Amino acid sequence: MPSVGTGALARPRRDSHPQLSSRAQLGSCLLPRQSSIHHTLLCAAITMSLVAATTATAATRPHYGGTLRVMLQSEPSALELPANASPAAYWDLARTLSLIGDTLVRLDAQGHPQPALALAWQSDSSARHWQFTLRRGVKFHDGTVASPAAIAQILSALHSNWIVRASADSVSIDSETAMPSLLAELALPRNLLLKRSIKDNRLPIGTGPFLVAEWQPGKFLKLAASEESWAGRPFVDVVEIEFGKSLRDQAIALELNKTDIIETDAPAGNESPRHGASSSSLSLPIELLALVFPANSKAQDAHLREALALAIDRKPIQSVLLKGAGEPAAGILPNWMTGYSAVFGTPSNAQRARALLADPRQPALTPSYVLSYDPRDPQAQLIAERIALDAREVGISVRVSLSGAEDIRLMRAVLPSPDPATSLAEAAQQLGLPQPAISATLRGNSLDDHSLDELYQAERSLLDGHTVIPLFQLPVASAAGARVRGWAPDRLGAWSAVPDLWLASGPAEQRPASAQTYGPQLEAGSQ
């Protein structure tokens, strides 16, 4: 694999902005006294235009300072990415920790690797040995150097099956098995290069644009701009994150100008920004909503599951309950990753479902099946009840309940990488399915006709027997308030734009009531 060069990632430093004069230069408009009234009026108009243009430019160009206020749904007890996090908790912690730390590489929406802490990389032909050349002069927030030895120590702790070695300006990763998808793996949030503070409740110490200044578990996080960030100092001085806020509470706070950035329900493509928001953003579909069957489910018959899949009318759910967002799905991976999702079709055929159930060769149905859902998902209950209604229409008795043994589970899975093989493996793990049979030649490579067919077969094997019934592939959405400038989340749901946004003049910021805090405190007046 050829080496990859550096990327233009740096923000301008505080003193590097061009200075714009606030005075209009009149020049040739200074005419003799005997000039006509026409010239006088023309000069006045030109002068006013120049002053207005200069004022507008000064008001809209990026500038430093201010506190960015953010609200999120989850209530994390620690600043760590949980192994079995709900999608909402996953995105909240991934976005938060990505402000504190960096990965070696990152992937763009096309799945192409881009430099982060690593400037260049290469592997041998077997993909068992990789070498990464690191940026020089990068420091952790505690002032220690992000040396190859420090990076190797963090990676070794994250992956005990890797052999990670440090050299003068690089780290190498070796494995007994081929790792062609290593770049996609290293770009995942779980591979953020973070040290943990021994003194302060294992707070993360990274190399990212912000450092932890205050932490109230499950409630509040205060991040301060890092003056030593290798990518340039962020424009805002402080980011304050309030946790445990429902989507409804977030929307109200944005409308009342009590916060600046929130999560939202994914709106339809033609929906205008909601009240209080100057801009809304929608990612590509990066979540899967599906039905799965636990090991002890009474719904073990493949024909019963097929009939249930055929009974579900996805379009009313999408148009009403999902407000037009997302894409009806019959496969696990979205079309933007693979291009072949239409091959699976989107089954909805009540007549065919009834015919399957009426077949005398099929075993008798259980009187009733219990459908459960995640109570933390604000849309899940209504979607589950609609699925139960569709099932009853064809003769399958489904009862929605959160108590007792479940037979069917409605759940979301995160598709965390633009690399389709990586996302397929991650989704299978979250859904409780066997790992797909993906060869080393497919992982980490561009999708030619041969590898595309292999990917399709791997996905098809997970769908055989209807052990999972895909319903929708969904985007994630966010909104920014009127004083936020430069807000541009990427198409993969990350908030990598936070260090590059700035704040227009606005009302005094508010912050939650003080509670027990951890970590270093900002000095008075630092905001």
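The structure this text deals with has already been given above.
What comes next concerns the included structure. Along each chain, numbering runs from 1 in the same order as the chain's sequence is written. Under the rules for a predicted model, residues below a pLDDT of 70 receive no local features and side-chain atom pairs below 80 are neither given nor counted, while totals for whole chains, interfaces and linings still include all residues. With hydrogens and water stripped out, all remaining heavy atoms of the structure feed into the side-chain values.

## Topic: the pairing of strand β17 (residues 369-373)
Counting buried positions along β17 yields five of five residues, so the element is predominantly enclosed. Both faces of β17 are covered, namely the face carrying Tyr369, Leu371 and Tyr373 and the face carrying Val370 and Ser372. Inspection of the sheet shows β17 paired to strand β18 (residues 398-400) by three bridges, in the parallel sense. In the strand pairing of β18, Leu371 is matched with Val400. By convention, orient the strands away from the viewer: a clockwise path from the first strand over the helix to the second makes the crossover right-handed. Secondary structure is summarised from DSSP: a helix means a run of H or I of at least four residues, a strand means a run of E of at least two, and numbering begins at the N terminus for each. Once you follow β17 into helix α10 (residues 380-393) and on to β18, the crossover reads as right-handed. Only protein chains enter the accessibility calculation, which uses a 1.4 Å probe; a residue is then buried when its area is under 20% of its type maximum, exposed when over 50%, and partly exposed in between. A strand pair is defined by DSSP finding two or more bridges across the two strands.

## Points about the nonpolar core
Nine residue types can take part in a nonpolar core, namely buried Ala, Val, Leu, Ile, Met, Phe, Trp, Tyr and Cys, and a core is a set of them joined through side-chain atoms within 4.5 Å. Residues Leu291, Leu308, Ile387, Ile396, Leu410 and Leu471 are the most contacted members of the largest nonpolar core, which totals 33 residues. Secondary-structure elements contributing two or more residues to this core are β15 (287-292), α6 (302-311), α9 (350-358), β17, α10, β19 (408-414) and β20 (468-474). Only heavy atoms enter the contact rule, under which two residues are in contact if any of them lie within 4.5 Å. Setting aside residues up to four positions removed in sequence, Ile396 forms contacts with Leu304, Ala307, Leu308, Leu357, Tyr369 and Ala391. Leu68, Phe210, Ala225 and Phe243 belong to the second-largest nonpolar core, a separate cluster that totals 29 residues.

## Notes on the sheet that holds strand β7 (residues 170-174)
Taking strand neighbours across the sheet as the criterion, the four strands line up as β4-β5-β7-β6 in an open arrangement whose pairing is antiparallel. Either end of the sheet is taken by a strand with one partner, and the two such strands are β4 (118-123) and β6 (163-166). Going across the sheet, the axis of each strand differs from the next one's by a mean of 20 degrees, ignoring polarity. As defined by bridge partners, strand β5 (residues 129-134) adjoins β7 across five bridges and the pair is classed as antiparallel. Bridged to His129 within β7 is Asp174. A fitted line through C-alpha atoms serves as each axis, taken over the contacting stretch for helices, and the angle formed by two N-to-C directions is quoted from 0 to 180°. The sheet strands contacting helix α3 (residues 148-158) are β5, β6 and β7, and the helix crosses β6 at an angle near 170 degrees.

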